[in-house]
Amino acid sequence: MDKIVTTGIKGKGIRSDCFITLEISESFSSGHVIDLTSKVKSLYGSSIINLCKDILNFYEIKNAHLFVEDSGALPFVIAARLEAAIKMLIYTDKEYLLPFLAENKYKKFKDSRRFSRLYLPGNTPSLMINAGIHKPDGVILDLEDAVAPTKKYEARFLVRNALRNIDFYGAERMVRINQMPMGIEDLNYIVPHNVNLILLPKCESAAQIHLLEENIEKIKTKHGIVNTIFIMPIIESALGVINAYEIAKSSPNVVSLAIGLEDYTADICTKRTNEGLESFFARSMVVNAARAAGIQPIDSVFSDISDMEALKVNVLKSKALGFDGMGCIHPRQIIVIHENYAPDDVEIEKAKKIVKAFLEANEKGLGVVALGSKMIDPPVVKRAEKTIQIAINTGKISLNWREEDEQQ
Amino acid sequence: MNNNKILEQKINAIGRKVPLMANGQAQIPYMGVGKYRPDGFKHAPRISTCADYPADGNKLVSDLREALIRCGLRNGMTISTHHHFRNGDLIAVQIFDIAHELGIKDLVWFPSASFPCQEVLTKYLEDGTINRIEGSMNGALGKFCSEGKMTGIGVLRSHGGRYQAVQDGEVEIDIAVIAAPTADAFGNANGVNGSAACGLLGFALADSQYADKVIVVTDNLVPFPCIPWQIQGNYVDYTVVVDRVGIPEKIISGTTEVTKSPDRLLLAEMTSQFCVEAGIVKENFSFQAGAGGTALSIGIYFAEY
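These figures come from a predicted structure and were not determined experimentally.

On to the interface of chain B and chain A, then. Where interface size is quoted, it is often the accessible area lost as the parts come together. On the side of chain A, six residues touch chain B, which itself brings four residues to the contact. For the side of chain B that touches chain A, a count of residues per class yields three nonpolar, no polar and one charged.

Here the focus is helix H5 (residues 159-167) of chain B. Since one α-helical turn is 3.6 residues long, residues separated by three or four positions face the same way. All names here are of chain B. Taken together, the buried positions of H5 are occupied by Arg-162, Ala-165 and Val-166. The arc that holds the buried residues of H5, viewed along the axis, is 100°, so those residues lie on one side. With respect to the buried face of H5, the exposed residues turned more than 90 degrees away are Gly-160 and Gly-161. Among the structural elements, helix H6 (202-210) are those in contact with the buried residues of H5.

For chain A, the assigned domains are domain 1 (4-89), domain 2 (102-341) and domain 3 (345-407). Placing a centre on the C-alpha atoms of domain 1 of chain A and another on those of domain 3 of chain A gives a separation of 60 Å.

So, on to the nonpolar core. If you look at the biggest cluster of nonpolar residues, it comprises 96 residues, and the most contacted ones within it are Val159(A), Val175(A), Leu257(A) and Val286(A). Among the elements that make up this core, the one with the highest residue count is helix H2 (residues 75-89) of chain A (nine residues). Here this core spans two domains, and each of domain 1 (4-89) and domain 2 (102-341) of chain A adds at least three residues to it. Residues contacting Val286(A), with those up to four places away along its chain left out, are Ile235(A), Ala244(A), Leu257(A), Ile259(A) and Pro297(A). In terms of nonpolar packing, the next biggest core, distinct from the first, is built from 57 residues, Ala92(B), Ile104(B), Ile178(B) and Ala204(B) among them.

Okay, the domain arrangement of chain B next. By the assigned domains, chain B splits into domain 1 (56-251) and domain 2 (257-304). Computed from C-alpha atoms alone, the centre-to-centre distance between domain 1 of chain B and domain 2 of chain B is 31 Å.

Moving on to unusual backbone geometry. Following Met180(A), the chain continues into Pro181(A) via a peptide bond in cis, with omega recorded as 0°. With respect to the helices, strands and loops of the structure, Pro181(A) is situated in the loop between strand S7 (172-176) and helix H5 (182-190). Following Ile227(B), the chain continues to Pro228(B) via a peptide bond in cis, the omega torsion being -10°. Inspection of the secondary structure assignment puts Pro228(B) in the loop between strand S11 (213-218) and strand S12 (238-241). Phi at Lys202(A) takes a positive value of approximately 50°, unusual for a residue other than glycine. Assignment of secondary structure puts Lys202(A) in the loop between strand S8 (197-200) and helix H6 (206-223). Of note in this structure, Asn284(B) is not a glycine but carries a positive phi near 65°. Inspection of the secondary structure puts Asn284(B) in the loop between helix H7 (262-277) and helix H8 (293-304). When the 4 C-beta atoms within 10 Å are taken as the criterion, Asn284(B) is described as exposed.

Basis of the calculations
- Residues numbered from 1 in each chain as written.
- Chains lettered and ligands numbered in written order.
- Predicted model: local features only at pLDDT ≥ 70, side-chain atom pairs only at ≥ 80, totals over all residues.
- Contact = placed C-beta atoms within 7 Å.
- Nonpolar A, V, L, I, M, F, W, Y, C, P; charged D, E, K, R; others polar.
- Buried ≥ 20, exposed ≤ 12 C-beta atoms within 10 Å, placed from the backbone.
- Helix = DSSP H or I, 4+ residues; strand = E, 2+ residues; numbered from the N terminus.
- Arc of directions from axis to C-beta.
- Domains from an automatic or database assignment.
- Core = buried A, V, L, I, M, F, W, Y, C linked by C-beta atoms within 7 Å.

Have a look at this one:
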């Protein structure tokens with residue numbers, strides 16, 4: 001076996017990554033030969049080389065020629081790149097894992113807020129490292145469309161290490177796996193590492209969700225994992241739209257239903273427009289299927305990252321259709337998405353009046369709630385309560401809004 | 001590195017070995033915060049007399065070469081320039097072209113910063129026209145210094161430290177050449193008017209006050225008095241008119257573009273929020289942002305506030 005393999009990325013403008021060239025051969029007699037080029041060699045050269053030696057020894061490799069072309073990669077990136085290279089050359093079940101960052105052990109819930117979820121290409125460490133500081137509700141480490149077909153294998157190691165070693169500051173830790181059946185293999189790299197939610201692209205049937213869950217369960221049992229792993233199927237085809245409701249209610253772990261419009265419009269032989277007339281049916285189907293199943297309907301991404309005004313219009317339209325959130329592909333979109341999915345001042349004031357009237361009616365022991373001359377039905381109260389809760393969560397009003405309003 | 005650069009060294013307060021002499025000047029190793037108390041008087045230029053200047057105050061001479069000769073340009077002098085034109089500067093290189101033609105050697109170039117447009121000066125560092133740069137050394141000039149090719153020892157100062165070094169006489173400027181977008185024949189000058197307007201000329205202010213000789217070079221000569229003036233004509237010895245002093249479009253170099261990086265924009269936004277909450281952001285307040293995309297972006301958020 002005298003094969004040379006390479007992993008990682010190098011070149012102009014590449015940051016936080018490295019390019020590994022590895023050759024293992026019995027004919028090498030001098031132990032490991034490790035070459036390193038790096039802008040930070042004088043500061044970190046010995047620590048990078050020691051990490052590489054440790055990994056080679058972990059896999060009991062005796063004679064390796066290793067060339068690391070570093071562009072400022074963090075240890076978890078170097079480890080992912082080298083492990084992928086080693087596994088292209090030898091067969092082993094062992095995994096080289098750096099210690100799991102304690103900050104990453106948090107849980108999420110079925111009704112956690114999912115206004116925004118930031119897509120991060122699964123093979124691009126520079127975009128992952130600071131993603132959490134922009135405070136998206138979720139980060140999606142994407143193994144599907146954002147990763148070139150030839151890089152799919154090594155991206156899995158990077159995503160696994162990112163789940164373990166990047167602090168996403170409380171954002172829901174999501175991974176978009178590949179389409180079935182390729183996505184099944186991705187699970188081994190994410191399920192044991194506290195992924196909160198898995199996005200299943202191109203979902204077309206409840207059977208796909210069941211297959212996914214069976215495989216998740218197998219891995220959970222093997223690793224003794226008890227945490228719930230949520231699922232967000234993405235509806236991206238005509239068949240998916242037609243089967244939206246059976247998908248939405250296929251499992252208690254399906255907490256939201258997303259729509260992906262690029263693939264969907266291609267599937268129905270049209271193109272995506274800003275007006276969105278072509279996707280009105282599909283979006284409404286997803287909203288209705290999700291609401292019928294009691295889960296969150298989530299909208300597609302808005303792809304013009306320079307036009308924040310158009311994004312705002314898009315979010316308001318999406319909210320009016322009934323969606324609870326949408327994907328984003330640039331951190332600057334997050335704040336616009338949060339501000340516009342959150343209730344506006346008029347909605348908050350109206351909700352306050354309804355909730356106050358309800359509480360007062362309760363205090364007086366009245367069974368019927370009235371606001372002025374209008375009767376208020378229980379679902380209206382429920383919606384108002386939800387609006388108030390979101391307003392509190394997004395910092396638009398304080399937890400003690402009722403007392404504060406009375407003092408004014 | 002030349003052997004004559006290896007001099008006696010001492011460990012300073014933060015444990016770093018530093019030389020006690022550089023370029024023949026005694027150096028003071030860092031002693032810790034508040035430990036060093038400077039002594040003595042501020043530097044002052046030589047007294048000049050009105051007997052040496054035309055009675056009508058017209059200090060115009062034919063060209064930069066003439067002005068430099070009249071300033072007594074000779075071997076070993078320290079020549080200062082400012083960097084308000086950043087990568088659009090057209091004057092600094094001319095000075096050393098002239099010095100080279102005149103066969104002058106061992107000059108010290110003391111810019112407030114250097115830019116890629118001045119890369120050609122490496123040839124004068126090589127042939128001995130320039131002994132060393134005291135100021136920022138970037139790009140090709142920086143590489144030249146880093147590779148130990150410069151004859152003298154490069155000295156880096158912060159912008160504030162440069163001003164202080166001029167005031168305290170740590171650096172004695174023999175000739176300050178101040179490129180000015182607008183000036184009158186007496187030497188009053190500003191950076192805000194004229195086709196090459198670059199903003200303020202703050203970095204040249206200390207040079208004008210403390211240099212032994214001061215030349216103002218402009219491409220927009222206005223009748224006396226040039227209003228407003230930032231450089232006061234009283235300090236100026238000669239004025240020169242050229243076709244062009246600088247290219248204002250090139251003021252926007254790599255470090256003066258607003259950043260597009262979302263991470264850096266977030267830093268700028270948080271900094272602006274900090275200033276707002278500290279109560280220092282008011283209508284019509286003034287602030288200075290350093291070069292660098294992140295710092296410059298803070299202005300966007302102040303405007304939004």
